[in-house]
Amino acid sequence: MIVFDLEWNQSAYAPNHRMPHEIIEIGACRVDREYRVVDTFSALIRPRLYKKLDKHIRSVTGITPEELNAGGTFQDVFADFVTWCGDDAQLVTWGRDDYPVLKRNAAFFMTPMPFDPPLDAQLVFGHACLGDPHQQMNLHAALERMELTPDVPAHRAVYDAQCTAALLAPIEKALAELEEEKRALLLAAVRRERKIAASMLRSQPTGYAYQTDALADERLMNIPCPACGRRTAFDTTWFDSGREKFIALSVCAQHGMCYGQMHFKRAQSGLLIMHQRAYAADESEAADVREKHRLYLLTPLKKRHHRLNMDDALRMKAEMKSAKAAKDGAPDA
Ligand SMILES: [Zn+2]
């Protein structure tokens with residue numbers, strides 16, 4: 001079993017939407033059957049996109065720009081890591097964030113991604129040790145809760161991996177004592193998380209300022225199949241499921257139903273950026289989306305498009321603000 005952790009850097013001002021988080025460190029440890037650490041992996045990656053190290057990341061990790069500059073390329077470090085892991089590695093992480101970031105970095109650098117989604121130890125910890133499936137406790141709080149104080153010098157990837165490893169034995173012990181019903185809930189949650197982690201993610205700047213225009217662009221709205229990447233056919237249209245989150249059901253001729261989620265964010269240019277996620281939908285998920293779609297179609301048109309008018313409201317707010325700024329800046333009469 002291999003526990004891994006990543007550190008990454010980003011840019012608040014000029015994010016690249018193909019890779020909003022750039023990995024700067026991969027750390028991991030291999031554990032034996034008793035969850036004892038038998039080997040470690042630690043390597044820094046010289047950033048290609050975000051060369052200025054975020055102040056917060058720098059202070060938390062203690063990584064210096066000089067150290068980072070001496071790091072390897074993503075391709076080299078990732079290839080080393082894959083080799084170090086070996087065949088059929090069972091991966092574990094703390095939390096659900098690392099895997100999608102790793103996947104996006106691999107895609108950005110056009111490197112094959114050999115790993116399936118890892119087991120999320122945080123999720124299992126929540127179910128087994130906290131009795132609260134929805135609590136996402138951070139790693140160090142979890143260690144405190146279990147009265148563990150691993151001797152690690154800083155918040156670096158390899159140390160966080162070791163801290164996660166230190167929790168595996170207590171987690172297994174709690175799991176063994178878990179009631180059958182709760183265990184079934186946990187298994188369902190783990191399966192669901194794996195599926196979401198394996199989902200297709202797409203972020204794309206659009207040429208549109210208004211959601212209605214973006215929604216009308218057929219090519220942009222297409223959902224690539226999460227399994228093969230080919231175009232799927234819509235079973236429902238995209239529809240607003242509340243708070244400007246759109247969902248849709250579509251079907252790949254080869255892989256079956258896909259569940260699509262989409263929302264828009266506004267770039268500084270004022271144009272919209274589309275964020276899309278799609279994963280394989282089972283029968284009950286498909287039925288759920290169809291039912292939501294049916295209810296959506298029953299909603300009166302006037303109410304239904306109410307949310308789309310947020311764009312107008314935002315524009316009016318911006319206009320009022322600039323009018324006020326012009327007024328405040330005007331010389332006294
Ligand atoms: Zn497919």
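The rules behind these values
Residues numbered from 1 in each chain as written. Predicted model: local features only at pLDDT ≥ 70, side-chain atom pairs only at ≥ 80, totals over all residues. Heavy atoms only, no water. Core = buried A, V, L, I, M, F, W, Y, C linked by side-chain atoms within 4.5 Å. Buried < 20%, exposed > 50% of the residue type's maximum accessible area, 1.4 Å probe, protein only. Helix = DSSP H or I, 4+ residues; strand = E, 2+ residues; numbered from the N terminus. Contact = heavy atoms within 4.5 Å. Domains from an automatic or database assignment. Buried area = accessible area lost by both parts, 1.4 Å probe. Salt bridge = Lys/Arg side-chain N within 4 Å of Asp/Glu carboxyl O. Polar contact = N/O pair within 3.5 Å; in protein donor to acceptor, adjacent residues only side chain to side chain. Donors = N, O, S within 2.8 Å, 3.2 Å for Na, K, Ca; no water. Tetrahedral: all angles 85-135°; square planar, octahedral: opposite > 155°, others 65-115°. Phe/Tyr/Trp six-rings, centres within 6.5 Å; stacked < 30°, edge-to-face > 60°. Lys NZ or Arg CZ within 6 Å of the ring centre and 35° of its normal. Expected span 1.5 Å × (residues − 1). Bend = angle between axes of the 7 residues up to and from the residue.

Caption draft 1: Representation of the nonpolar core in the model. I26 and F81 are the most contacted members of the largest nonpolar core, which has 26 residues in total. Counting only elements with at least two residues in this core, the list comes to β1 (2-9), β2 (22-31), β3 (37-44), α3 (74-85) and α4 (98-108). The leading source of residues in this core is α3, at 6 residues. When neighbours within four sequence positions are excluded, F81 is seen to be in contact with F4, I26, A28, F41 and F115. Counting residues in each nonpolar core, the second largest holds 25 residues, with F125, C163, A165 and L168 among its members.

Caption draft 2: Geometry of the domain arrangement of the chain. Here the domain parsing of the chain yields domain 1 (2-197) and domain 2 (201-317). Relative to domain 2, the C-alpha centre of domain 1 lies at a distance of 30 Å. Opposite the 7 residues of domain 1 that make contact, domain 2 presents 13 residues. Of the roughly 820 Å² buried between domain 1 and domain 2 on both sides combined, carbon and sulfur atoms contribute 51%. Summed over the shared surface of domain 1 and domain 2, the result is 2 salt bridges. Among the ionic pairs, K195 bridges to E285, the shortest N-O distance being 2.8 Å. Applying the counting criterion to the domain 1 and domain 2 interface returns 5 residue pairs in polar contact (both at pLDDT 80 or more).

Caption draft 3: Just the coordination of the zinc ion, in detail. Donor atoms from the polypeptide that bind the zinc ion are C225 (SG), C228 (SG), C252 (SG) and H255 (ND1), placed at 2.1 to 2.3 Å. Each of the 4 donor atoms around the zinc ion contributes to a set of angles spanning 105 to 114°, which defines the coordination as tetrahedral. Counting residues between consecutive donors of the zinc ion along the chain gives the motif C-x2-C-x23-C-x2-H. On the basis of relative accessible area, C228 is assigned to the partly exposed category, the value being 29%.

Caption draft 4: View of the pattern of salt bridges. In total, this model carries 10 salt bridges according to the counting rule given. In this structure, R36 and E34 form a salt bridge, with 3.2 Å as the shortest nitrogen-oxygen distance. Its relative accessible area of 51% is what places E34 among the exposed residues. A salt bridge links E285 to R192, with the nearest nitrogen and oxygen atoms 3.4 Å apart. Here E285, found in helix α11 (residues 283-298), pairs with R192, found in helix α8 (residues 180-197); they are 93 residues apart in sequence, far enough to count as distant. Its relative accessible area of 41% is what places R192 among the partly exposed residues.

Caption draft 5: Region of the structure containing the packing of aromatic side chains. Per the counting criterion, the structure on display carries 14 aromatic pairs. Judged by centre distance (5.3 Å) and plane angle (40°), the ring pair of F239 and Y296 falls under tilted. Placement of F239 in strand β8 (residues 239-240) and of Y296 in helix α11 is noted, with a sequence separation of 57 residues between them. Here F239 falls in the buried class, since its relative accessible area comes to 2%. We classify Y296 as buried; its relative accessible area is 16%. Three or more aromatic residues joined by ring pairs form one cluster here, namely F4, F41, F74, F78, F81, W84, F108, F109 and F115. Stacked on the ring of W84, the Lys or Arg R30 has its end atom at 4.5 Å from the ring centre.

Caption draft 6: Examining helix α7 (residues 157-176) more closely. Over its 20 residues, α7 extends 29 Å from the first C-alpha to the last, a length consistent with the 28 Å expected when each residue adds 1.5 Å. Of all the bends in α7, the greatest, near 30°, is centred on L168, and the proline P170 appears no more than four residues after it. Considered for burial, the residues of α7 that qualify are A157, V158, D160, A161, C163, T164, A165, L167, L168, I171 and A174. Buried residues belonging to α7 abut β1, β2, β3, β4 (91-93), α5 (121-128) and α6 (139-145).

Caption draft 7: A look at unusual backbone geometry. Residues other than glycine seldom take positive phi values, yet Y35 does so here, at roughly 65°. Along the chain, the position of Y35 falls in the loop between β2 and β3. A positive phi angle, close to 50°, is found at M110, a residue other than glycine. Assignment of secondary structure puts M110 in the loop between α4 and β5 (119-120).

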